[in-house]
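# Structural characterization, general
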Amino acid sequence: MSADFLQFLFSGITQGACYALVGLGFSIIYNASQVINFAQGEFVMIAGMAAVGLIDAGAPFVLALAAGVALTVVVGVALEKFAIEPARNASVVTLIIITIGASIFLRGAAELLGGRGFRSMPAFSGNEPIVIGGAALLPQSLWVLGVTVVIIFALGRFFNATMHGKAMLATAYNPVMAQLMGINTRLVLSLSFALAALLGGIAGVLIAPLSLTYSTVGVMLGLKGFCAAILGGLGKPMGAIAGGLLVGVSEAMTAGYLSSAYKDAVAFVIILVVLVVLPGGLFGGRSVERV
Amino acid sequence: MASLWQPRTGGLLALAGVVAGLPLILPNAFYYDVAILVGINATVCVGLNLLIGYAGQISLGHAGFFALGAYASAVLTGDHGWPPLAALAAGAAGVGMLSFVLAQPILKLKGHYLAMGTLGLGIIISIVLNQEAGLTGGPDGMPVPSLRALGHTVAGEHAWYALVGLVLIVSVWLTLNLIDSPVGRALQAVHGSESAAALTGVDVIRYKVLVFVVSAVLASLAGSLFAHYAGFITPAEASFARSIELVTMVVLGGMASTFGAVVGAAVLTILPQALTAFQDFKMLVFGAVLMGTMIFLRKGLVPTLAGLIRNRMRSGRA
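Bear in mind that the values here come from a model prediction, so they are computed numbers and not experimental data. (Residues numbered from 1 in each chain as written. Chains lettered and ligands numbered in written order. Predicted model: local features only at pLDDT ≥ 70, side-chain atom pairs only at ≥ 80, totals over all residues.)

Okay, the overall build of chain B next. Each helix and strand counted, chain B has 14 helices and four strands in total. Relative to the globule expectation of 20 Å for 318 residues, the C-alpha radius of gyration of chain B, 20 Å, shows essentially globular dimensions. When the backbone C-alpha atoms are referred to their principal axes, chain B occupies close to 65 × 50 × 45 Å. When each of the 318 residues of chain B is scored for burial, the buried share is 48%. A separation threshold of at least 6 residues defines the contact pool for chain B, and within that pool the share at least 24 residues apart is 77%. (Helix = DSSP H or I, 4+ residues; strand = E, 2+ residues; numbered from the N terminus. Rg over C-alpha atoms; globule rule 2.2 N^0.38 Å. Buried ≥ 20, exposed ≤ 12 C-beta atoms within 10 Å, placed from the backbone. Contact = placed C-beta atoms within 7 Å.)

With that settled, the discussion passes to the overall build of chain A. Counting its secondary structure elements, chain A contains 11 helices and two strands. In chain A, the succession of α and β elements from N to C terminus is α-α-α-α-β-β-α-α-α-α-α-α-α. Here chain A has a C-alpha radius of gyration of 19 Å; the compact-globule value for 291 residues is 19 Å, and the two agree. With the C-alpha coordinates of chain A rotated into their principal frame, the extents come out at 60 × 50 × 35 Å. Across the 291 residues in chain A, those meeting the buried criterion constitute 52%. For chain A, restricting intrachain contacts to residue pairs at least 6 apart in sequence, the fraction spanning at least 24 positions comes to 74%.

Here we take up the interface of chain B and chain A. The interface of chain B with chain A comprises 34 residues on the first partner and 38 residues on the second. Looking at the side of chain B that touches chain A, the elements with two or more residues in it are helix 5 (111–131), helix 11 (240–253) and helix 13 (282–296) of chain B. Among the elements that make up the side of chain B that touches chain A, the one with the highest residue count is helix 5 of chain B (12 residues). Its residues placed into classes, the side of chain B that touches chain A shows 22 nonpolar, nine polar and three charged. (Nonpolar A, V, L, I, M, F, W, Y, C, P; charged D, E, K, R; others polar.)

Residues and elements named next belong to chain B. Structurally, F232 can be placed in strand 4 (residues 232–233). Remark: the alpha-carbon pair of F232 and S146, spanning 86 residues in sequence, is separated by 10.0 Å. Setting aside residues up to four positions removed in sequence, F232 forms contacts with G141, P143 and V144.

Within the largest apolar cluster, 194 residues are counted, with the highest numbers of intra-cluster contacts made by A:C18, A:L21, A:C227, A:I271, B:C45, B:V250 and B:V262. Those residues in contact with B:V262 that lie beyond four places of it in its chain are B:L15, B:A42, B:V46, B:V172 and B:G253. (Core = buried A, V, L, I, M, F, W, Y, C linked by C-beta atoms within 7 Å.)

All names here are of chain B. Two elements in contact, helix 3 (residues 62–78) and helix 10 (residues 204–230), have axes separated by 7 Å at closest approach and are oriented at 45°. By the criterion of interaxial angle, the relationship of helix 3 to helix 10 is oblique. In the crossing of helix 3 with helix 10, the sense of the turn from one axis to the other is right-handed. Between helix 3, through H62, F65, F66, A67, L68, G69, A70, A72, S73 and A74, and helix 10, the contact on the second element is made entirely by S215, A216, A219, S220, L221, A222, G223, S224, F226, A227 and H228. Tallied by class, residues from the contact of helix 3 with helix 10 come to 13 nonpolar, eight polar and no charged. (Axes fitted to C-alpha atoms, helices over the stretch in contact; angles between N-to-C directions. Parallel < 35°, antiparallel > 145°, perpendicular 65-115°, else oblique. Left-handed = near helix turned anticlockwise from the far one by under 90°.)

On to the UniProt feature "transmembrane region" (unreviewed entry) in chain A. Residue and element names in this part refer to chain A. Per the UniProt record, the feature "transmembrane region" (unreviewed entry) sits at residues 6–28, 61–79, 91–110, 130–156, 187–208, 214–234, 241–259 and 265–285. Overall, residues 6–28 shows 100% helix and 0% strand. The separation of its end C-alpha atoms is 32 Å. The span residues 214–234 is 71% helical and 0% strand by assignment, and the distance between its end C-alpha atoms comes to 28 Å. (UniProt positions renumbered as here; feature names shortened; annotations may be inferred.)

A word on the confidence of the model for chain A. Chain-level statistics for chain A give a pLDDT mean of 87 and a share of 97% at 70 or above. By mean pLDDT, strand 2 (residues 135–137) of chain A is the weakest element of chain A at 84, and helix 3 (residues 61–84) of chain A is the strongest at 93. (pLDDT = per-residue confidence, 0-100.)

A few words on helix 4 (residues 92–114) of chain A. Given 3.6 residues to a turn, an α-helix orients residues that are three or four positions apart in the same direction. Residue and element names in this part refer to chain A. Along its 23 residues, helix 4 runs 32 Å from first to last C-alpha, staying within 8% of the 33 Å computed at 1.5 Å per residue. Of all 23 residues in helix 4, 20 are buried; the element is thus mostly enclosed. Within two residues after helix 4, G115 carries a phi angle of roughly 80°, on the positive side. (Expected span 1.5 Å × (residues − 1).)

Quick look at the UniProt feature "transmembrane region" (unreviewed entry) in chain B now. According to UniProt, the positions carrying the feature "transmembrane region" (unreviewed entry) are residues 82–101, 113–129, 159–179, 209–230, 250–271 and 283–309 of chain B. In residues 250–271 of chain B, helix accounts for 82% and strand for 0%; the two terminal C-alpha atoms are 15 Å from one another.

Residues and elements named next belong to chain B. Averaged over chain B, the pLDDT score is 84; the fraction of residues at 70 or greater is 96%. With pLDDT under 50 throughout, residues 1–5 is counted as low confidence; its partners more than four residues away or in other chains account for five contacts. What the predictor reports for the complex is a pTM of 0.86 with an ipTM of 0.83.

Moving on, we come to helix 4 (residues 84–106) of chain B. When the terminal C-alpha atoms of helix 4 of chain B are compared, their 31 Å separation across 23 residues agrees well with the 33 Å that a helix rising 1.5 Å per residue should span. Where helix 4 of chain B is concerned, the buried positions are B:P84, B:A87, B:L88, B:G91, B:A92, B:V95, B:S99, B:L102 and B:I106.

With that out of the way, let us pick up the environment of B:G260. Residues and elements named next belong to chain B. You can see G260 is positioned in helix 12 (residues 258–275). What makes G260 buried here is the crowd of 28 C-beta atoms within 10 Å. In this structure, the C-alpha to C-alpha distance between G260 and V250, residues 10 residues apart in sequence, is 7.0 Å. Residues in contact with G260, not counting those within four places in the same chain, are G253, G254, G300, L301, V302 and P303.

Okay, here's the thing in structure tokens:
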């Protein structure tokens, strides 16, 4: 394998892991509520902006990261309580516009509090690249990949071995039946937003040292996370992870071998081609409309 | 008299009245500028409402068609010396063809998958316009010559106001006729239930494609007009944010209400202008207004208010 290829693969997988975390958030919220949360990318932005702000203000590094993620979770729960819950049973388009309104609101708040400039966060453990097969791997990339793997296993355990996780799966499968079984589906809804915000927030602090942080950083990340979720079949967590990695790696390869100008278009070209051939996503299976 | 209050004739007369009467109260060129932009946005929304409100199909990529129309006019008249009307027609025909070819596979998608497909389409158009700098001037944009037809140049806010107002009224008239035809009834059946519509003999795909193409062509025409009016265009016209703005206008005004689309376009075009006084709080307030309206007036402005008035009149009579 050439060093170039390896280099593109590293950066693709790192970026892909972030898309996967954002895509997982889309899937978790969709499962609990059938809502597509277009403010998912803003979770990434809030955590990054808040953490950088706190670090610049002199807060200890680890504490600033934790506070950034915690704030994101609070925002996620507030979004569900004050914007999604009052509009339950509204049409899909209405809900989409509510979450888009929320994302504009959050971006406005971030600009007001954190300014419009680009800000950088120091890497977790230095910038000394590790050379593997002629390709340089930044320690921060290892952090991104390591944390993503831990999250995937933790989520697997959460959904299969805890009562709250099983309640979420049951609600995704059939909300009415879940309610009849005594599951508090409102709590599940809050929990799903908290969990999605947690994932977005973690992605936000992980990627901030690699990509700078600014008020509109979440826009493209959110859209590509949505791509990842749809690519793998909406509501399928493992599909979102596969979709995220596929998008990340294809992007890096396109930027490396073809044209860096069209890097951002790759995700959307893939999604159009896949949807035309498989209208339910890669792992979505065939859906039959109930009459 | 009663027939005047039918949405078809009465509403159209009311709209014509508003368009004709507005110049009496518009104090200066700035207000004309806003009114002209409202008219252009409303023309796009009237078409988009056919797709979203009547056929029940979402599109998060219509700004792409608007921008393609705008760039067709800009490139063909500016770089190739075409007459503006020919460029406008060529743009509309091109967008019509493109949307026709793309509609077949895309409109087979449903719900969120359709949202993703159209969103992807719009973003790809936006990226191409940004990157092909040789043709489009790239992110910096390009100038557009003024609109000349039949030996006259459309210049000044009064002429533009009249032209855009006329285009809007004609679009609304055509749309209302379409809704009131067998095509419109077929569309509403598709919205209700595709399976049931198909069972009663409605060619579901054909009607969805038709309305997608009509809305794309209207967007392209409005885009061409906008390009000539503004005199300068940038790829921001094709952005995701712009697509969202258009959908929001339709939903805010009220889905499946042609006049709702016009009202929605007016509100969302005027609101950011009114908010410039708040500078720093502009996005914050805009986002909050958007969320609030959709949460509390779920059906949109026009249907909600119309319902209120109807109830009031009914209780007044009783």
